[in-house]
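Examination of the molecular architecture
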Amino acid sequence: MVHRETAVLDIGSSKVSVMIAEKGINNTFNIKSSSEEDYDGYASGEFFSEDSLKNAIINAVKKAGENLRYRIKKVYISVPGEFSYCLTKEVNVTFPKRKKIKDSDIFEIFDSSQNFDENSFVINRSPIYFILDDNRKVLNPVGEVTSKLNILISYILTDKSFIELISKIFTELNIFDLDFVSASLSEALYLTEPETRDNGLVLIDCGYISTSVSLVKGDGLLALKAFSMGGGHITGDLCQCLNLSFNQAEMLKRKVVLSLDATDNDFYEVNIDGNMQPVSAKLVNEIILARLDMFGDVFNKILNSIEFNTQNKPFIPILITGGGLNYLKGAKDYLSKQMGKNLEYIAPSVPQMNKPHYSGILSILDIALMQEKNIKKSLFQRIFKR
């Protein structure tokens, strides 16, 4: 029996999520099963505990598969920004004579250019643009007649140790067919429109303890940076400065309104041992704004470091997704002012799942379903395959 459902695993910085679904109508998903498990997370490209990761993945996969009438045989897996990096290559090819470009020509060029360090593993590759012999820039050269091609190719890679670790975990589940996909590229392709990407944009995914910044152009990435700071650090600041438990600090954070010009007479309330206790709104806001200043400084440093000079394009969209900052009232406006740039929130446009924290899992699911559907694999249907 053929099953149209596809299984995906999203590795977040505080939890792993599994979803099994098929494509629905009007670009929606028909979700058959889902589960998520907390684990210790990661920082600086390393998991705090591989055992914690393993237990979370195994439990999440087993729970998601409990109600299925068949065994999961293949899983698409997201590779977080902290475990991946982006390289671009400009490749120039001259043919003996003018010819009509075929899929096979493009794949031969891609394959011959894919010479990286033996410890690196290519998870995605995509063209930024093609230039023909008449200097026309096209997104798809197949069918064009030309004597040469100038191609800018974006490769997203990870260390083989990451692949080996995840593969070993799935071996214990007797699942051997794994496809690794860049979380950052998937979000860029799923959350934004092609016309917006063609002009360039910046996508920021702020999670719980990790944040990635992607420079997107066309159907690929020109740059990918990540750093170990997220919404959980704001909660930690409140814990430390106000002597609160983690749960108390998290509940307090959800009440914060940063646009409030708090005075000494303004308070938030925190549930401490069943009693609602007042906490200075002015102090709480100052603690959070100090951390947002750190976010803004890092964002600006990254934007100034990437090859595509965003200063020459002051109106390039800067979009923020993920659950780290998007639920903090007033954070976007404060960061926009602090950075001197206009930031906007973005989330999936899926009924009942149109929340920023669903961006990761739904983006991977969208890429996976597209890949499974387009099994014939023409050029742009399989360009994201290795």
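Residues numbered from 1 in each chain as written. Predicted model: local features only at pLDDT ≥ 70, side-chain atom pairs only at ≥ 80, totals over all residues. Heavy atoms only, no water.

Right, let's get into the packing of helix α8 (residues 281-305) against helix α9 (residues 331-339). Each pair of packed helices gets described by two things: the angle between the helix axes and the distance between those axes. With their axes 9 Å apart at the nearest point, α8 and α9 run at an angle of 55° to one another. When the interaxial angle is binned, α8 and α9 end up oblique. Crossing handedness for the pair α8 and α9: right-handed. On α9, the residues that touch Leu289, Leu292, Asp293, Phe295, Gly296, Asp297, Phe299, Asn300 and Leu303 of α8 are Ala331, Tyr334, Leu335, Gln338 and Met339. Of the residues that constitute the contact of α8 with α9, the class distribution is 9 nonpolar, 3 polar and 2 charged. (Axes fitted to C-alpha atoms, helices over the stretch in contact; angles between N-to-C directions. Helix = DSSP H or I, 4+ residues; strand = E, 2+ residues; numbered from the N terminus. Parallel < 35°, antiparallel > 145°, perpendicular 65-115°, else oblique. Left-handed = near helix turned anticlockwise from the far one by under 90°. Contact = heavy atoms within 4.5 Å. Nonpolar A, V, L, I, M, F, W, Y, C, P; charged D, E, K, R; others polar.)

With that out of the way, let us pick up the packing of aromatic side chains. Counted according to the given criterion, the structure contains 14 aromatic pairs. Judged by centre distance (5.9 Å) and plane angle (65°), the rings of Phe227 and Phe299 are edge-to-face. Residue Phe227 is located in strand β14 (residues 220-227), and its partner Phe299 is located in helix α8; the two are separated by 72 residues in the primary sequence. The same class applies to Phe227 as to Phe299, namely buried. Chaining the aromatic ring pairs together yields one cluster made of Tyr39, Tyr42, Phe47, Phe83, Phe121, Phe162 and Phe180. The ring of Phe116 has Lys89 lying over it, and the distance from NZ or CZ to the ring centre is 4.4 Å. (Phe/Tyr/Trp six-rings, centres within 6.5 Å; stacked < 30°, edge-to-face > 60°. Buried < 20%, exposed > 50% of the residue type's maximum accessible area, 1.4 Å probe, protein only. Lys NZ or Arg CZ within 6 Å of the ring centre and 35° of its normal.)

Turning our eyes to something else, we now look at the environment of Met353. Inspection of the secondary structure puts Met353 in the loop between β18 (343-345) and α10 (359-373). For the pair Met353 and Thr28, spaced 325 residues apart in sequence, the C-alpha separation works out to 9.9 Å. Excluding anything up to four places from it in sequence, Met353 contacts Met19, Ile31, Pro348, Tyr358 and Leu362.

So, about the packing of helix α6 (residues 231-242) against helix α7 (residues 246-255). Where α6 meets α7, the closest approach of the two axes is 9 Å, and the angle between their N-to-C directions is 115°. Between α6 and α7, the interaxial angle falls into the category roughly perpendicular. The handedness of the crossing between α6 and α7 comes out as right-handed. Along the contact surface, α6 presents Gly231, Gly232, Ile234, Thr235, Leu238, Cys239 and Leu242, while α7 presents Phe246, Ala249, Glu250, Leu252 and Lys253. Taken together, the residues that form the contact of α6 with α7 break down as 7 nonpolar, 3 polar and 2 charged.

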